[in-house]
Amino acid sequence: MNLSMDHLKQLADVAIEAATSTGNYISKTRPMNVERKGQGGSLATEVVTEVDRESQARILRVLEPTFAAFDLGLLTEESPDDGSRLEKDYFWCVDPIDGTLPFIEGVPGYAVSIALISRAGVPMLGVIHDPVENTLYHAVRGGGAFKNGSPWKPDLSDS
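Note that the structure is predicted; figures quoted are calculated from it, not measured.

Draft legend 1. Structural detail: helix H1 (residues 5-27). A rise of 1.5 Å per residue sets the reference length of H1, with its 23 residues, at 33 Å; its end C-alpha atoms lie 32 Å apart and thus fit the reference within 8%. All of the buried residues along H1 are Leu 8, Leu 11, Ala 12, Val 14, Ala 15, Ile 16, Ala 18, Ala 19, Thr 22, Gly 23, Tyr 25 and Ile 26.

Given below as structure tokens:
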């Protein structure tokens, strides 16, 4: 399936809904139980909380109707890779709390991250919600970047 600009905008709206509602949940929540994934990475890649899992479940409930409607695969941070990303033309890539360690520590530096990626690895859209600052960034390939719904051009002079 080839996704049109209208399809991408529709999918971006769904991802924005998922990221914003989940970010609002995260902003009112603190982790109770911190676990290690047991994958041998750094502490930052090893930690997971019940808030990560609940956040992922909330995101997937919103994204779920798009799987069949657009024949999309899925890759998530907190679930085993089911391989659907290798079989479908496009897949959702979800990290419910990108930066769990800062979240656990109660400091800024975490966000909800959702992207739609082509099988070839090309990002088609991305949505980032920063629950600390209540800021939403999103971009659609060929459609521009936005901050809180307004056109946005990142300042890359500091990079």
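Having seen the structure, we can now continue with the description.
Draft legend 2. How the structure looks around the pattern of salt bridges. One pass over the structure, following the stated rule, counts four salt bridges. A salt bridge links Arg 58 to Glu 54; the shortest N-O distance between them is 3.0 Å. Of this pair, Arg 58 and Glu 54 both sit in helix H3 (residues 50-70), separated by four residues, roughly a single helical turn. Owing to a relative accessible area of 31%, Arg 58 belongs among the partly exposed residues under this scheme. Between Lys 88 and Asp 71 there is a salt bridge whose closest N-O contact spans 2.6 Å. Pair noted here: Lys 88 is in the loop between helix H4 (84-87) and strand S4 (90-98) and Asp 71 is in the loop between H3 and strand S3 (72-76), with a separation of 17 residues, a long-range link. Bridged by salt links that share partners, the residues Glu 54, Arg 58 and Arg 61 form one connected network.

Rules behind the numbers
Residues numbered from 1 in each chain as written. Predicted model: local features only at pLDDT ≥ 70, side-chain atom pairs only at ≥ 80, totals over all residues. Heavy atoms only, no water. Helix = DSSP H or I, 4+ residues; strand = E, 2+ residues; numbered from the N terminus. Expected span 1.5 Å × (residues − 1). Buried < 20%, exposed > 50% of the residue type's maximum accessible area, 1.4 Å probe, protein only. Salt bridge = Lys/Arg side-chain N within 4 Å of Asp/Glu carboxyl O.

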